[in-house]
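# Structural features, examined
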Amino acid sequence: TGEQSNVIVAPDRTIYSTRDMPVASGGMATDVLTSVPELLVDIDGNVELRGSAPQIYLNGRPAPMQGESLQLFLQQFPADRIDRIEVIPNPSARFQAEGTGGIVNIVLKENTSLGLSGNTFVNGGTRGNLGAGANITYQQGRLTLMGGGFGRVSSRDNTSYDFRENRLADPITFLEQDGWSERDDLSGSVNLNADFRLTERTSIFSEVSAFQRGNEQDQFIAYTHMNAEQLPTERYDRVTGGERSGLNGEVMLGFLHQFEPRTHELELEVEYEHGRDSDASVIRRAFYAPDGTPSDLPDEYTYEDEEEREAELAVQLDYIRPF
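As the structure is a computational prediction, the values presented were derived from the model and not from experiment.

What counts and how
Residues numbered from 1 in each chain as written. Predicted model: local features only at pLDDT ≥ 70, side-chain atom pairs only at ≥ 80, totals over all residues. Heavy atoms only, no water. Helix = DSSP H or I, 4+ residues; strand = E, 2+ residues; numbered from the N terminus. Rg over C-alpha atoms; globule rule 2.2 N^0.38 Å. Buried < 20%, exposed > 50% of the residue type's maximum accessible area, 1.4 Å probe, protein only. Contact = heavy atoms within 4.5 Å. Pairing = 2+ DSSP bridges. Core = buried A, V, L, I, M, F, W, Y, C linked by side-chain atoms within 4.5 Å. Axes fitted to C-alpha atoms, helices over the stretch in contact; angles between N-to-C directions. Salt bridge = Lys/Arg side-chain N within 4 Å of Asp/Glu carboxyl O. Polar contact = N/O pair within 3.5 Å; in protein donor to acceptor, adjacent residues only side chain to side chain.

### Details of the overall build of the chain
Across its full length, the chain holds two helices and 16 strands. In terms of overall dimensions, the chain is more spread out than a globule: its C-alpha atoms have a radius of gyration of 28 Å, far above the 20 Å expected for 323 residues. Among the 323 residues that make up the chain, the fraction classed as buried is 33%. Counting only contacts in the chain whose residues sit at least 6 apart along the sequence, the fraction spanning at least 24 positions is 61%.

### Things to note about the pairing of strand 8 (residues 103–108)
The element strand 8 is largely enclosed, with a buried count of six among its six residues. Side chains Ile 103, Asn 105 and Val 107 project from strand 8 onto one buried face, and the interleaved Val 104, Ile 106 and Leu 108 project onto a second face that is buried too. Bridge count for strand 5 (residues 55–58) against strand 8 is four bridges, and the pairing is parallel. In the strand pairing of strand 8, Gln 55 is matched with Ile 103. Two elements, strand 7 (residues 82–88) and strand 8, share six bridges in a ladder whose sense is antiparallel. By the bridge assignment for strand 8, Ile 88 is matched with Ile 103.

### Some words on the sheet that holds strand 1 (residues 7–9)
Sheet architecture is open: six strands sit in the order 1-2-7-8-5-6, paired in mixed fashion. Strand pairing shows two members of the sheet lacking a second neighbour, strand 1 and strand 6 (61–62), which therefore form its edges. Of the strand pairs in this sheet, strand 1 and strand 2 (residues 14–17) are connected by three bridges, and their pairing is antiparallel. When the sheet's bridge partners are listed, Val 9 is paired in strand 2 with Thr 14.

### Quick look at the nonpolar core
Generally speaking, nonpolar side chains in soluble globular proteins are found buried as a group. Of all hydrophobic cores here, the largest spans 27 residues; its most connected members are Leu 33, Leu 39, Leu 74, Ile 85 and Ile 106. Contributing elements (two or more residues each) for this core: helix 1 (29–34), strand 3 (39–41), strand 4 (47–49), strand 5, helix 2 (67–76), strand 7 and strand 8. Leu 33 has contacts with Leu 39, Val 41, Val 47, Leu 74, Ile 85 and Val 104, leaving out every residue within four places of it along the chain. Counting residues in each nonpolar core, the second largest holds five residues, with Leu 175, Ile 221, Tyr 223 and Tyr 236 among its members.

### Let's talk about the sheet that holds strand 10 (residues 129–140)
Taken in spatial order, the eight strands make up an open sheet running 9-10-11-12-13-14-15-16, and their pairing is antiparallel. With partners counted over all chains shown, the strands left at the sheet margins are strand 9 (115–124) and strand 16 (300–320), one partner each. On average, adjacent strands in this sheet sit at an angle of 10 degrees to one another, irrespective of strand direction. Alignment of strand 13 (residues 202–226) against strand 14 (residues 232–260), held across 25 bridges, turns out to be antiparallel. Paired with Glu 216 across the two strands is Glu 243, which belongs to strand 14. Packed onto the sheet, helix 2 meets strand 9, strand 10 and strand 11 (143–166) and runs at close to 135 degrees relative to strand 9.

### Describing the pattern of salt bridges
Taken as a whole and judged by the stated rule, the model has 13 salt bridges. Its salt-bridge partner being Arg 84, residue Asp 83 comes within 2.9 Å of it at the nearest N-O pair. Where Arg 309 meets Glu 307, a salt bridge forms, and the shortest distance between an N and an O atom there is 2.9 Å. Three or more residues joined by partner-sharing salt bridges are found here, namely Asp 12, Arg 13, Asp 83, Arg 84 and Glu 86.

### Remarks on the side chain of Arg 13
Structurally, Arg 13 is set in the loop between strand 1 and strand 2. A polar contact of 2.7 Å, which involves the side chain of Arg 13, links it to the side chain of Glu 86. Ignoring sequence-local partners within four residues, the contact set of Arg 13 consists of Ile 8, Glu 86, Val 87, Ile 88, Phe 95 and Arg 262.

This is the structure we're talking about:
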């Protein structure tokens, strides 16, 4: 008789079974990740692999949430639903890993109905930012659904004052800058992942996501140039108003057939991505006489209006059969 080892070293990954982990019976996914020797999990739930942040996968697919949403998901997902953890430090070309942090693939148990679960969260700060989000997971039989959304708003007011001395000039000169700025930001994202098993080894999956961001900013700076006696020689104001916005969306459909799991697979993905970014601003420069009275010079205006659109269709076919 023989018993399979809890740790299997494969050519491209190390596989850790949760079968004999004490935390698997009553802990959460974060507790399981903490028990993996190659991983480091801090107090906030951030996962680290070899000094970098890896990309988290669920059943071989990128997790549908990121950042704080992903941290909360791992901290609240029951560990007894996890079959194994696969650590892939050097992903091959078939994986769309971001950066060089590698991949941590969380494989869930098969033929287990996970039911409905989810979480919500709200956070804020004393510097004018507020965020909120929610995630939901549903698994019943062959169907698995994961979705969520996140939004953040922030508002910041700043004042500034600079007094500069130019020692390269002869005689020396001085510059005084006194100003303020206001900035409002709004961003949000939604995502939905679906996976349906046609047979024991064949499944179809899809992903829909959208991300929107925008901000408005107003700024005022008063400039005063002075001579060596610190008497004004030139005055002008610079007023800037602008707004930026962006919207990105992505739709993906995929097919996977496993002749032999992880050793003989065929996977097809069709992905369409569309994005739009716009940037508009107006800069007004108003001149004054050295004594502060309005100048006869006309105001100078600078207008910028830019819009960029991008669309991409990608088809990827992977046939995996290691030698």
